[in-house]
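Residue strings, one per chain:
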Amino acid sequence: MTDPRQSQSIFTRGAVDLGALAARNAAAAQRPAQPDGVPAPAAGANVIEVTEATFQPDVIERSLTVPVVIDFYVAGSAPDQQFSPLLTNLAAEGDGAWVLARVDIETSPRLAQMFRIQNIPFVVAIVGGQPVDAFNQALPEPHLRQWIDAVLKAAGVEVEAAEDPRMLAADDAMADGDLEAAEAAYRKILDETPGDIVAESGLAQVGLLRRTEGADLAGVLAAAQAAPDDVAAQLLAADVEVLTGEADQAYTRLVTLIRRTAGDDRETVRKHLVSLFTVAGPDDPAVAKARRALASALF
């Protein structure tokens, strides 16, 4: 996800004037007790309820030191019951890296007007006293986590990559030998997050394990040595080499075979080689080297 400050957002429909409300509430923020009798939230709390009277200290001023994510809601509504708890859990998980400010738009209508809220859920991130990004739909948890990470990065907070529970489940299934469950899990991740390179790698590993399941590894390599022009034998031998940690040899084997083949056979070998690149991932130095060799062999 890109830096929220560099991307198009719903704020493009008009500027949000935070200063106007801040000015109206400045005097109230200085008083020890809130006009409506609501006590000030505990300092350092990860989730706070915010009103028009407390917006200045609890959102604007707080956002100067920590990102504040505002969840506009209507008490008892479907988003409040189904989506807001997800935000609350993530705020607790964040352990103070950011603060969730909840605003009931029915009791704080001026805040709803200021942000031009037309429907809920409506979530906006405030960093350094200014809105940086927002969305107005219930995001699935993986996308919400990515959005929050982008907000934190925009605020200069170092973000540690969190383990994706979906990926852990997929990896566990593959480790247990349940290739069908692993494949289904990786495909589900790719449906939800297209282009996820870790899921793509996992799916390619499932394919590799299926192709080599029950194979006599030494026998496969011997058969390939005896029949250097047998495409099927060479592909399986390359699979075995990747499986046994000899990926460099597998890549060299297939690049060499591409140089000796043409037409459909050549394309079959090329696709197989690319699938083995996916197993390793794009950042593997051996893959980068082999890609250059592949390009040379093709062109």
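Scroll up to find the structure.
This is a predicted model, so every value here is computed, not measured. (Residues numbered from 1 in each chain as written. Predicted model: local features only at pLDDT ≥ 70, side-chain atom pairs only at ≥ 80, totals over all residues. Heavy atoms only, no water.)

A. Highlighting the overall build of the protein. Broken down by element type, the protein carries 14 helices and 5 strands. Counting only residues that meet the buried cut, the protein has 44% of its 299 residues in that class. By sequence separation, contacts in the protein at least 24 residues apart represent 66% of the contacts at least 6 residues apart. Surface summary for the protein: the accessible area is close to 15,400 Å², and the carbon and sulfur share equals 52%. (Helix = DSSP H or I, 4+ residues; strand = E, 2+ residues; numbered from the N terminus. Buried < 20%, exposed > 50% of the residue type's maximum accessible area, 1.4 Å probe, protein only. Contact = heavy atoms within 4.5 Å. Areas by Shrake-Rupley, 256 points an atom, 1.4 Å probe, with all protein chains shown as cover.)

B. Looking closely at unusual backbone geometry. I120 connects to P121 through a cis peptide bond whose omega is 5 degrees. Tracing the chain through its elements places P121 in the loop between α5 (109-114) and β4 (122-127). Positive phi is not limited to glycine here, since D95 has a value of about 55 degrees. Summarising the element assignment, D95 is placed in the loop between α4 (84-94) and β3 (99-104). Residue classification places D95 among the exposed positions, given a relative accessible area of 66%.

C. Spotlight on the pairing of strand β5 (residues 130-135). Where burial is concerned, most of β5 is hidden: 5 out of the 6 residues are buried. Both β4 and β5 contribute to a ladder of 5 bridges, which runs antiparallel. Considered in β5, the bridge of A125 is made with D133. In sequence, β4 turns back onto β5 through a hairpin of 2 residues, with G128 there showing a positive phi of about 60 degrees. (Pairing = 2+ DSSP bridges.)

D. Just the packing of α4 against helix α6 (residues 141-154), in detail. Two elements in contact, α4 and α6, have axes separated by 11 Å at closest approach and are oriented at 50 degrees. When the axis of α4 is compared with that of α6, the two are oblique. α6 is crossed by α4, and the crossing has right-handed handedness. Mapping the contact onto sequence places L86, L87, L90 and E93 in α4 and E141, L144, R145 and I148 in α6. (Axes fitted to C-alpha atoms, helices over the stretch in contact; angles between N-to-C directions. Parallel < 35°, antiparallel > 145°, perpendicular 65-115°, else oblique. Left-handed = near helix turned anticlockwise from the far one by under 90°.)

E. Quick peek at helix α8 (residues 179-192). The end-to-end C-alpha distance of α8, which contains 14 residues, comes to 20 Å, matching closely the 20 Å that a straight helix rising 1.5 Å per residue would cover. Buried within α8 we find L179, A182, E183, Y186, I189 and L190. Along the axis of α8, the buried residues cluster in a sector spanning 125 degrees; they form a single face. Counted as exposed and oriented over 90 degrees from the buried face of α8: E180 and D191. For α8, the secondary structure elements touched by its buried residues are α7 (165-175) and α9 (197-212). (Expected span 1.5 Å × (residues − 1). Arc of directions from axis to C-beta.)

F. How the structure looks around the pattern of salt bridges. Tallied over the entire structure, the rule returns 15 salt bridges. Note that E93 is salt-bridged to R145, the shortest N-O span being 2.6 Å. With E93 in helix α4 and R145 in helix α6, this residue pair connects regions lying 52 residues apart in the sequence. A salt bridge links E241 to R253; the nearest nitrogen and oxygen atoms lie 2.8 Å apart. Remark: R253 occurs in helix α12 (residues 247-260) and E241 occurs in helix α11 (residues 231-243); sequence separation between them is 12 residues. Taking the relative accessible area as the measure of exposure, E241 reaches 5% and is therefore buried. (Salt bridge = Lys/Arg side-chain N within 4 Å of Asp/Glu carboxyl O.)

G. Representation of the side chain of D196 within the structure. Looking at the element boundaries, D196 is found in the loop between α8 and α9. Of the side chains bearing the opposite charge, R166 lies closest to the buried D196, which forms no salt bridge; the N-O distance is 4.7 Å. Here A199 takes part through its backbone nitrogen, which lies 3.0 Å from a polar atom of the side chain of D196. What D196 contacts, discounting residues up to four positions off in sequence, is M167, I189 and L190. (Lys, Arg positive; Asp, Glu negative; His and termini not counted. Polar contact = N/O pair within 3.5 Å; in protein donor to acceptor, adjacent residues only side chain to side chain.)

H. Structural view of the nonpolar core. Core analysis: the biggest nonpolar cluster contains 23 residues, and F55, V59, I70, F72, F115 and V124 have the highest contact counts within it. Listed by contribution, the elements that provide at least two residues to this core are α2 (55-61), β2 (68-73), β3, α5 and β4. If you look at the next biggest cluster of nonpolar residues, it comprises 22 residues, including A204, L208, I258 and L273. (Core = buried A, V, L, I, M, F, W, Y, C linked by side-chain atoms within 4.5 Å.)

I. Structural view of the sheet that holds strand β1 (residues 47-49). What the 5 strands build is an open sheet, ordered β1-β3-β2-β4-β5; its pairing is mixed. In this open sheet, the two edge strands, each paired with only one partner strand, are β1 and β5. In this sheet, neighbouring strand axes are inclined to one another by 25 degrees on average, regardless of whether the strands run parallel or antiparallel. Two strands pair when backbone bridges link them, and β2 and β3 are joined in this way by 6 bridges, in the parallel orientation. When the sheet's bridge partners are listed, I70 is paired in β3 with A101. Across the sheet, α6 is in contact with β2, β4 and β5; its angle to β4 comes to roughly 20 degrees.

Such coordinate-based values are descriptive only and should not be taken to indicate function.
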